[in-house]
Amino acid sequence: MSLLYLESLPPRTLKGAILHLLCAVGGLARDQVGRIELHGGAGVVEVPDGTETRLAKALDGTDWKGRRLRVRIGGAHTAPEQDDHFGRLARLVRLESEADAKETLERSRRLTGAEAEATVDCLAGLVIAEESLGLGGRCIV
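What this report covers is the structure whose coordinates are included nearby. (Residues numbered from 1 in each chain as written. Predicted model: local features only at pLDDT ≥ 70, side-chain atom pairs only at ≥ 80, totals over all residues. Heavy atoms only, no water.)

Bringing the overall build of the protein into the picture now. Tallying secondary structure elements over the protein gives five helices and eight strands in all. Reading the secondary structure of the protein in the N-to-C direction produces β-α-β-β-α-β-β-β-α-α-α-β-β. The C-alpha atoms of the protein give a radius of gyration of 19 Å, which is well past the 14 Å a tight globule of 141 residues would have. Taking the principal axes of the C-alpha coordinates as reference, the protein spans close to 55 × 30 × 25 Å. Here the contacts in the protein between residues at least 6 apart in sequence split such that 59% fall between residues at least 24 apart. Surface summary for the protein: the accessible area is close to 9200 Å², and the carbon and sulfur share equals 54%. Mean positive and mean negative side-chain charge positions of the protein (19 and 21 charges, respectively) differ by 3 Å. (Helix = DSSP H or I, 4+ residues; strand = E, 2+ residues; numbered from the N terminus. Rg over C-alpha atoms; globule rule 2.2 N^0.38 Å. Contact = heavy atoms within 4.5 Å. Areas by Shrake-Rupley, 256 points an atom, 1.4 Å probe, with all protein chains shown as cover. Lys, Arg positive; Asp, Glu negative; His and termini not counted. Charge placed at Lys NZ, Arg CZ, Asp CG, Glu CD.)

Shown next, in the form of structure tokens:
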């Protein structure tokens, strides 16, 4: 499998929408598409070897949901983060975020609701009305 890197994706793009785009515009069958990863406004899709050039030409510059997609071809079986500097930075930010969230969660589980709110790390009894993605893939509620 080869990798396609999709950039300038619309906000809140779902993997199913990417799959539909590859099938409709790229002419792939659903079972030909491999792993799909989304990282904020970018995504990585595994496609069959030999189809990546045709797909990149068909999708690059396509106006999709008000955004002009940028598509480039990556090497086979390479992680997106190892391909370029910004991908590596995104991976490191994600790892740091996950570690920080895990530590905060473990700490807040030991505290009562009032004590946890006093640490300014969490809110007790919060009801989420809306959410979206922010810088670094962080969730804004």
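The next point concerns the pattern of salt bridges. Scanning all chains against the criterion turns up four salt bridges. With its nearest N and O atoms 2.6 Å apart, the salt bridge here joins R70 to E7. Taken as a pair, R70 in strand β6 (residues 70-74) and E7 in strand β1 (residues 2-7) lie far apart in primary sequence, 63 residues in all. A salt bridge links E46 to R35, with the nearest nitrogen and oxygen atoms 3.4 Å apart. Of the two residues, E46 sits in strand β3 (residues 42-47) while R35 sits in the loop between α1 (15-24) and β2 (36-39), which places them eleven residues apart along the sequence. The exposure class assigned to R35 is partly exposed, which follows from its relative accessible area of 32%. (Salt bridge = Lys/Arg side-chain N within 4 Å of Asp/Glu carboxyl O. Buried < 20%, exposed > 50% of the residue type's maximum accessible area, 1.4 Å probe, protein only.)

This part is about the side chain of T62. Assignment of secondary structure puts T62 in the loop between α2 (52-59) and β4 (63-64). Accessibility expressed as a relative area gives 17% for T62, which makes it buried. A distance of 3.1 Å separates the side chain of T62 from the backbone oxygen of A58, its partner in a polar contact. Residue contacts for T62: discarding those within four places in its chain leaves R67, R68 and L69. (Polar contact = N/O pair within 3.5 Å; in protein donor to acceptor, adjacent residues only side chain to side chain.)

Further remarks concern the environment of R72. If you trace the backbone, R72 turns up in strand β6. Taking the C-alpha atoms as reference points, R72 and E7, separated by 65 residues in sequence, lie 8.6 Å from one another. Only 3.4 Å separates the side chain of R72 from the side chain of E7, close enough to count as a polar contact.

In the structure shown here, the tally under the stated rule is zero aromatic pairs. Above the face of the Y5 ring, R72 is positioned so that its terminal group lies 4.4 Å from the ring centre. (Phe/Tyr/Trp six-rings, centres within 6.5 Å; stacked < 30°, edge-to-face > 60°. Lys NZ or Arg CZ within 6 Å of the ring centre and 35° of its normal.)

A few words now on the environment of T13. Tracing the backbone through its elements, the reader meets T13 in the loop between β1 and α1. Judged by its relative accessible area of 13%, T13 is buried. Separated by 27 residues in the primary sequence, T13 and G40 place their C-alpha atoms 8.7 Å from one another. Leaving out residues up to four positions away in the same chain, T13 has contacts with I18, L38 and W64. Separated by 2.5 Å, the side chain of T13 and the backbone oxygen of P10 make a polar contact.

What follows concerns the nonpolar core. Among the nonpolar cores identified, the biggest contains 20 residues, and L4, I18, V33, V45, W64 and V71 are the most heavily contacted of them. Residue contacts for W64: discarding those within four places in its chain leaves L9, P10, T13, A17, I18, L21 and L69. (Core = buried A, V, L, I, M, F, W, Y, C linked by side-chain atoms within 4.5 Å.)

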